[in-house]
Amino acid sequence: MSTPIESHRAQDIAGRGQAWLDALSRRAARSGGYPRSVQVADVELSGRGARLIAVVPDPDNPLPRARNGEVGLLEGWSLARAVHEVVEADRDASIKRSIVAIVDTPSQAYGRREEALGVHQALASAAAAYATARLEGHPVIALLVGKAMSGAFLAHGYQANRILALADPGVQVHAMGKEAAARITLRSVEELEAFAATVPPMAYDIDNYASLGVLWRTIAVENAASPNAGDVEAVMRHLRDALADIDADPQRDLRGRQHGEHRDATRRVRAVLASQWRD
């Protein structure tokens, strides 16, 4: 019999995205026609339809660089398809379905095949699909339950109207993983962590990321890797709040992200650019 610690580790290996998709959809049937690494479930949220989308590990992925939850060629195009299906189906609907991106993505998939076959286009198609859905009136919510790294997060979640995150040390946001960032900056991981402690944009923890103004809300849970009933109810409550907040906001752009405590320079630069553009 496995111990609680072993079960916890096994769940993390299986993927937090998988765990939260199962929990929030109440293990609803998955939509067919997608690779195993992209799971789609259609449910109800606040009395309207919602599509939940997660990228999950697939040890049998035909592209080895995308076996641990990375967003690669198959994942990028499949995410785009999952979102565009909703946009097309609801084009004439008076109430648009919401789209919830459940995010646990350690990276985009790096590899010679990925570069040769245009991984940048695959990921761009996913980002464009989410942006299109948002501009077409679909409430788009990103729920960060694990790592949200690099181009994978840009493709899956970053275009959301509202971004929520679990308040948990395992939830990390950055342009690249610590080991890669240490190599690029010619620092050790320990030196990088010390540097990040004084420069919020270089930090990985969710509290520092929240200070940049991009997150709409963080959510306290007991077990981020294997959610219990209370955790699920807490997240569902915040998802409903986010949906109501989006519905009450006539703007479909991302200007609300400029209000973080460390975004003063961003706001000044944008104001100057706007004034020069008008002149």
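Attention in this report is confined to the structure presented alongside it. Just so it is clear, the model here is predicted, and its values are computed rather than measured.

## Digging into the packing of helix α2 (residues 16–25) against helix α10 (residues 229–247)
Step number 1: Packing of α2 against α10 leaves a shortest axis separation of 10 Å and a crossing angle of 80 degrees. On the basis of their axis angle, the class for α2 and α10 is roughly perpendicular. Facing Trp-20, Ala-23 and Leu-24 of α2, the residues of α10 in contact are Asp-231, Val-232, Val-235, Met-236 and Leu-239.
Step number 2: Each residue belonging to the contact of α2 with α10 can be placed in one class, and the counts come to seven nonpolar, no polar and one charged.

## Some points on the side chain of Glu-114
Step number 1: By the element assignment, Glu-114 lies in helix α4 (residues 112–116).
Step number 2: Buried within the structure, Glu-114 lacks any salt-bridge partner; its nearest side chain of opposite charge belongs to Arg-113, at an N-O separation of 5.4 Å.
Step number 3: Discounting residues that sit within four places of it in the chain, Glu-114 has contacts with Leu-63, Arg-65, Leu-73, Ala-109 and Val-119.

## Overview of the side chain of Lys-96
Step number 1: With respect to the helices and strands, the residue Lys-96 is situated in the loop between α3 (73–89) and β3 (98–105).
Step number 2: No salt bridge forms around the buried Lys-96; measuring N to O, its nearest opposite-charge neighbour Glu-136 is 5.1 Å away.
Step number 3: Separated by 2.7 Å, the side chain of Lys-96 and the backbone oxygen of Asp-90 make a polar contact.

## As for the pattern of salt bridges
Step number 1: Counted by the stated rule, this structure contains 16 salt bridges.
Step number 2: Between Asp-22 and Arg-27 there is a salt bridge, with the nearest N and O atoms lying 3.3 Å from each other.
Step number 3: Assessed through its relative accessible area of 64%, Arg-27 is described here as exposed.
Step number 4: Between Glu-136 and Arg-91 there is a salt bridge; the shortest N-O distance is 3.9 Å. On the criterion of sequence distance, the pair formed by Glu-136 in the loop between α5 (119–135) and β4 (140–149) and Arg-91 in the loop between α3 and β3 is long-range, its members being 45 residues apart.
Step number 5: When its relative accessible area of 38% is taken as the criterion, Arg-91 is described as partly exposed.
Step number 6: When salt bridges that share partners are traced, they join Asp-42, Arg-51, Arg-81 and Glu-85 into one network.

## Some thoughts on α5
Step number 1: Along its 17 residues, α5 runs 24 Å from first to last C-alpha, staying within 8% of the 24 Å computed at 1.5 Å per residue.
Step number 2: Those residues of α5 hidden inside the fold are in contact with β2 (48–55), α3, β3, α4, β4 and α6 (150–155).
Step number 3: Of the residues one or two after α5, Gly-137 is the one with positive phi, at around 100 degrees.

## Focus on the packing of α3 against α5
Step number 1: Running from N to C, α3 and α5 point in directions that differ by 20 degrees, and their axes come no closer than 8 Å. Relative to α5, the element α3 lies roughly parallel. As α3 packs across α5, the resulting crossing turns out to be left-handed. Residues Leu-73, Gly-76, Trp-77, Leu-79, Ala-80, Val-83, His-84 and Val-87 of α3 pack against Val-119, Gln-121, Ala-122, Ser-125, Ala-126, Ala-129, Tyr-130 and Ala-133 of α5.

Definitions and limits used
Residues numbered from 1 in each chain as written. Predicted model: local features only at pLDDT ≥ 70, side-chain atom pairs only at ≥ 80, totals over all residues. Heavy atoms only, no water. Axes fitted to C-alpha atoms, helices over the stretch in contact; angles between N-to-C directions. Helix = DSSP H or I, 4+ residues; strand = E, 2+ residues; numbered from the N terminus. Parallel < 35°, antiparallel > 145°, perpendicular 65-115°, else oblique. Contact = heavy atoms within 4.5 Å. Nonpolar A, V, L, I, M, F, W, Y, C, P; charged D, E, K, R; others polar. Buried < 20%, exposed > 50% of the residue type's maximum accessible area, 1.4 Å probe, protein only. Lys, Arg positive; Asp, Glu negative; His and termini not counted. Salt bridge = Lys/Arg side-chain N within 4 Å of Asp/Glu carboxyl O. Polar contact = N/O pair within 3.5 Å; in protein donor to acceptor, adjacent residues only side chain to side chain. Expected span 1.5 Å × (residues − 1). Left-handed = near helix turned anticlockwise from the far one by under 90°.

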